[in-house]
Each structure stands twice: as C-alpha cells, then as structure tokens.
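Here are the chains, one letter per residue:
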Amino acid sequence: MALILKERPIKNNQSYVKNAQIEDERYRRFQERGPLGAILHSIGTPQPLAEPIAAYFDDPSVEASVHMVLQPDGLCLQLAPENYRLWHVGGQANETHLGIEMTEPAAIRYDSSRGFTPIILDRQAALSHIRSCYDRGVELFAYLCQKYGWDPLQDGVILSHREAFTRGLGSNHGDPEHLWQALETGYTMDGFRKAVAQAMKSPLVEDGENEDQEGKEMRYETLGDVRKDPNGKYYLPTLEFLLQKGYLQGRGGKGDDLILDLSEDALRILVTLHRAGAYDK
Ligand SMILES: [Zn+2]
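Residues numbered from 1 in each chain as written. Predicted model: local features only at pLDDT ≥ 70, side-chain atom pairs only at ≥ 80, totals over all residues. Heavy atoms only, no water.

**Brief notes about the coordination of the zinc ion**
Around the zinc ion, the protein contributes the donor atoms His41 (ND1), His161 (ND1), Asp175 (OD) and Asp175 (OD), at 2.1 to 2.8 Å from the metal centre. Taken together, the 4 donor atoms coordinating the zinc ion span angles of 50 to 138 degrees at the metal, a pattern that classifies the geometry as irregular. In the primary structure, the donors to the zinc ion are separated according to the pattern H-x119-H-x13-D. One end of the pair, histidine 41, is in strand β2 (residues 37-42); the other, aspartate 175, is in the loop between α5 (161-166) and α6 (177-182), with 134 residues separating them in the sequence. An identical accessibility class is assigned to histidine 41 and aspartate 175; each is buried. (Donors = N, O, S within 2.8 Å, 3.2 Å for Na, K, Ca; no water. Tetrahedral: all angles 85-135°; square planar, octahedral: opposite > 155°, others 65-115°. Helix = DSSP H or I, 4+ residues; strand = E, 2+ residues; numbered from the N terminus. Buried < 20%, exposed > 50% of the residue type's maximum accessible area, 1.4 Å probe, protein only.)

**Some thoughts on the pairing of strand β4 (residues 75-78)**
The sheet contact formed by strand β1 (residues 4-7) and β4 spans 4 bridges and is parallel. The residue bridging leucine 5 from the neighbouring strand is cysteine 76, located in β4. With 3 bridges joining them, strand β3 (residues 68-70) and β4 adopt antiparallel strand pairing. Opposite leucine 70, over in β4, you have cysteine 76 as the bridge partner. Hairpin connection of β3 to β4: 4 residues between the antiparallel strands, including glycine 74 at a positive phi of 100 degrees. (Pairing = 2+ DSSP bridges.)

**A few points about the packing of helix α10 (residues 232-245) against helix α11 (residues 264-275)**
The interhelical angle for the contact between α10 and α11, taken along N-to-C directions, is 70 degrees, at an axis separation of 9 Å. In terms of orientation, α10 and α11 fall into the roughly perpendicular class. Contacts between α10 and α11 involve Tyr234, Tyr235, Pro237, Thr238, Leu239, Phe241 and Leu242 on the former and, on the latter, Glu264, Leu267, Arg268, Leu270, Val271 and His274. (Axes fitted to C-alpha atoms, helices over the stretch in contact; angles between N-to-C directions. Parallel < 35°, antiparallel > 145°, perpendicular 65-115°, else oblique. Contact = heavy atoms within 4.5 Å.)

**Some remarks on the confidence of the model for the chain**
Scored by pLDDT, the chain has a mean of 91; 94% of the residues are at 70 or more. Confidence drops under pLDDT 50 across residues 205-215; counting only partners more than four residues distant or on other chains, this segment forms 9 contacts. (pLDDT = per-residue confidence, 0-100.)

**What to know about the sheet that holds strand β5 (residues 97-102)**
In spatial order, the strands read β1-β4-β3-β5-β2-β8; together these 6 strands make up an open sheet with mixed pairing. The open sheet has two edge strands, β1 and β8 (158-160), and neither has a second partner. Averaged over all adjacent pairs, the angle separating strand axes in this sheet is 25 degrees, with direction ignored.

**Some thoughts on the domain arrangement of the chain**
Taken domain by domain, the chain comprises domain 1 (4-201) and domain 2 (218-275). One C-alpha centre belongs to domain 1, the other to domain 2, and the line joining them spans 30 Å. (Domains from an automatic or database assignment.)

Shown next as structure tokens:
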C-alpha cells in the first residue's frame, strides 16, 4: 500500500473562499510563509472514507476545514493548498499548522453521554482501520517533513489536536489519542513522531544524501523534460495515460510545462505497474 495524494478542492467552504480572496492579513501571512508544522486529527465520526468528509467540508455553510483527509488504503484527498490558512484546530495553531484528518472505522459509534470514548462494535475491524491510518499517516507526515525541511522530533512541529489543546493552541478535543486509547493500540504521539523520523530514513522516501552516494539520479521536472529525453519514449505512453485518467495530476503548469518532479526510478515503477495491468478497472 502506498500513499496516493489526490486534489479534491473544497471551493465552496468558507475558509477556502476567504483564502482565495485573501480576506485579511492572517490569510496573507499564512500564504506567504507557508506551514510551519502539522496537526494530526481523527475525524470523530464513524466514516471510513475520505470523500464523504470532503463533501461535508465543501459547503458554503461550513467554515471548519482541513488540508488533507487520509483513509486507510492510503488515498489522501487534498482539500486546499498547503499554504491556505484553514480552521481545523480551533485556536492559535490554525495560524501555523496544516490540518491532517484521518478517517475513522465504521465499526465504532459515538454516544454523547460518553464524550470522546466510542462504543466499539467490532474490535478487529476497528483496529485494522486504525492501524492502516496510522501507518499511512506516518508516511504522509514523513513526506511533509521532507518537503518543508521540518524536523519531526523538534518540539511543536508535529502535534495532535489533543496536544494542541493541552498547550493552549487549540480547542478541547481528544483526537486522535482518544481512539488509540479506546482500542488499546498502544500508539502515542511520541511514538508517531519517532516513526515519522524513522520513515524519513527509509530509501522509499526521496533522500538527498542517498542521491549523493549513488551519483546523480535522473529526475524529470516537467512533462517536456520527459519528451526531450531519449529514454522518455519508454515512459510517455504511461504518463499520458495516467494524466488523462487523472491518476497523476502533477504540481501545476500545463502541457509540456506540467510540473511532474518525478525520478526515472519512479517512472520505471509506474510503467511496470501499467504493463502489469495495475490501472485496469
Ligand atoms: Zn481534531
């Protein structure tokens, strides 16, 4: 299983609109500076899929929002650009941190009389969901730490919503530890941060040091770069297929200027999967 980032903008959400219009200085500041860390959330409702949560946020009557929603199979919907100031943690951390929401198992139920503690309908099913979300969450945070040069072990860079609350930076929520504790997973935020630091050392994650050791790795910045390269002809049919299907969306730009930022190794894997029929459905 791997992480699949997919853009799913919530353009009707109030916070999204305020960012698009740069309503005041707070939005401008966040957009110019970008995020300084990320908050790990768990949605607090038995909804295993990311899309219904995105659809809930994509509504003009809703101001609360998050940057990403992660489901256990690794699909991660990106609801807004990472430099948008969103309202996810109900406090000062909104001015500095991304909000990353994990979905929750269908095998639990909340009852207002029990506060943050869910009723567990099927322990094994719930555990399986939570473990997968945790593992994919580690990968996602490792990716973000690499992208922004964050140290996951530095104080305050990665926090849970509950930790943000205890530090006076967020509203009174218990996520995601409430769920980890209810299912006796043994997971903690300290463990999560260490796992992120460990994941950043893994060769699966792009690593500048490894590139130096192995010599210069071929990277393609744009679609045009692939087209210009003599080896590109092996990769183009797969790339065009993935782009046309929307499985691959790039990071901005159009036509040959579409930003891919892919290594040749990554392209080889995509082509192999294509030939193996992995994208047929
Ligand atoms: Zn939360």
